[in-house]
Amino acid sequence: MQPICIMKFGGNTLANKQKLLMAADLIKSRYTAGFIPVVVASANGNLTDVLLDHAFSITPTPDKRELDMLITTGERVSVALLSIALRAKGVPSVSLTGSQIGLITTCNHTGADILKLKGDRLLREIEAGNVPIVAGFQGIGENKEITTLKRGGSDVSAVFLASQLGAGHVEMIKDVDGVYSADPNKDVKAQKYEILDFDEMYKLALNGASVLHPDAVCLAKEKGVEIRIVHYQTGQTGTVIK
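A few points on the structure. (Residues numbered from 1 in each chain as written. Predicted model: local features only at pLDDT ≥ 70, side-chain atom pairs only at ≥ 80, totals over all residues. Heavy atoms only, no water.)

### Some details on the nonpolar core
With 47 residues, the main nonpolar core has Ile 6, Val 159, Met 201 and Leu 212 as its most contacted residues. The biggest single contributor to this core is helix H5 (residues 153–165), with seven residues. Those residues in contact with Ile 6 that lie beyond four places of it in its chain are Val 38, Ala 158, Leu 161, Ala 162, Leu 165, Ala 167, His 169, Val 170 and Glu 171. (Core = buried A, V, L, I, M, F, W, Y, C linked by side-chain atoms within 4.5 Å. Buried < 20%, exposed > 50% of the residue type's maximum accessible area, 1.4 Å probe, protein only. Helix = DSSP H or I, 4+ residues; strand = E, 2+ residues; numbered from the N terminus. Contact = heavy atoms within 4.5 Å.)

### Quick word on the sheet that holds strand E4 (residues 103–105)
One open sheet accounts for four strands, arranged E5-E4-E7-E8; its pairing is mixed. Strands at the two margins of the open sheet, each flanked by one partner only, are strand E5 (114–117) and strand E8 (146–148). For this sheet the average axis-to-axis angle between neighbouring strands, irrespective of direction, equals 45 degrees. Where strand E7 (residues 138–141) and E8 come together, three bridges link them in antiparallel fashion. From the neighbouring strand, Gly 139 faces E8, where its bridge partner is Thr 147. Here helix H3 (residues 64–88) sits on the sheet and contacts E7 and E8; the angle it forms with E8, its principal contact strand, is near 70 degrees. (Pairing = 2+ DSSP bridges. Axes fitted to C-alpha atoms, helices over the stretch in contact; angles between N-to-C directions.)

### A look at the side chain of Thr 97
Mapped onto the elements of the fold, Thr 97 is located in the loop between strand E3 (93–96) and E4. We classify Thr 97 as buried; its relative accessible area is 13%. Setting aside chain neighbours within four positions, we find Thr 97 in contact with Arg 76, Ala 135 and Gln 138.

### Notes on the packing of helix H6 (residues 198–206) against helix H7 (residues 214–223)
Running from N to C, H6 and H7 point in directions that differ by 170 degrees, and their axes come no closer than 9 Å. The pairing of H6 with H7 is recorded here as roughly antiparallel in orientation. The element H6 and its partner H7 pack so that their crossing is left-handed. Seen from H6, the contacting residues are Phe 198, Asp 199, Met 201, Tyr 202, Ala 205 and Leu 206; seen from H7, they are Pro 214, Val 217, Cys 218, Ala 220 and Lys 221. Of the residues belonging to the contact of H6 with H7, the class tally is nine nonpolar, no polar and two charged. (Parallel < 35°, antiparallel > 145°, perpendicular 65-115°, else oblique. Left-handed = near helix turned anticlockwise from the far one by under 90°. Nonpolar A, V, L, I, M, F, W, Y, C, P; charged D, E, K, R; others polar.)

### With respect to the pattern of salt bridges
Taken as a whole, this structure holds twelve salt bridges when the rule is applied. The structure contains a network of salt bridges with shared partners spanning Lys 8, Asp 155 and Lys 174. (Salt bridge = Lys/Arg side-chain N within 4 Å of Asp/Glu carboxyl O.)

### Digging into the side chain of Gln 138
Here Gln 138 shows up in strand E7. Excluding residues within four positions of it along the chain, Gln 138 makes contact with Thr 72, Glu 75, Thr 97, Gly 98, Leu 103, Thr 147, Thr 148, Leu 149 and Ser 157.

### Observations concerning the pairing of strand E14 (residues 237–241)
Of all five residues in E14, four are buried, a share of seventy percent or more. Direction of pairing for strand E13 (residues 226–231) relative to E14: antiparallel, over a ladder of four bridges. In the strand pairing of E14, Val 230 is matched with Thr 237. Counting the residues between successive antiparallel strands, the hairpin from E13 to E14 contains five residues, one of them, Gly 235, with a positive phi of roughly 75 degrees.

### Some words on the sheet that holds strand E2 (residues 36–41)
In spatial order, the strands read E3-E6-E2-E1-E9-E13-E14-E12; together these eight strands make up an open sheet with mixed pairing. Each edge of the open sheet carries a strand with a single partner, namely E3 and strand E12 (195–196). In this sheet, E13 lies alongside strand E9 (residues 169–174) in parallel orientation, the contact comprising six bridges. Its bridge partner lying in E13, His 169 is registered against Glu 226.

Remember, this is a structural readout, not a statement about activity or role.
See below:
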């Protein structure tokens with residue numbers, strides 16, 4: 001079988017039509033290069049925050065189950081639009097929710113942890129020739145309820161799927177070209193790291209580097225999954241974490 005390429009797109013890289021089409025082009029480039037892309041997508045732009053604002057404008061204490069039902073729609077928008085864009089470009093694809101792929105989590109609403117991948121839906125779609133476009137940040141609890149992971153959980157979803165599908169690395173598609181020693185927008189002396197080990201990246205993530213979720217770094221270290229920070233415009237790797 002062709003090598004699987006896990007590609008995770010952050011919300012800022014899907015914020016408008018132009019970026020969605022750019023994302024589809026990047027996925028197609030991996031597809032035509034002989035890889036099997038498995039895509040994990042976040043909610044586009046600030047949609048999750050918009051949905052949360054709606055809920056909290058109604059009540060300061062919205063029910064957590066209903067919050068999960070609400071905010072998981074953000075990723076569904078992204079995956080459906082990405083799949084529509086890919087199909088328009090001649091790439092067979094299918095959008096899938098966390099529950100449809102059998103991503104089983106704990107029952108904690110708005111902060112669940114991944115337990116396992118149940119079933120063979122992803123493999124069946126790959127064998128059928130489709131590029132799976134998976135909604136990140138969400139799954140289904142052991143009690144059959146829709147759940148969300150902690151904020152930034154799409155990173156964790158991508159690393160977990162890489163470990164389950166035997167992919168050697170994850171491409172984290174970002175609107176930055178790598179990991180820096182400081183915020184390059186605020187510090188002209190900030191240096192870009194070409195290579196980082198997991199422990200170094202974990203410390204940076206804990207200290208406010210928003211490029212990766214700390215939990216995703218821990219899981220990548222545990223599972224031995226290399227992480228590549230890829231710029232959404234160029235498709236080039238800026239920093240490798242391994």
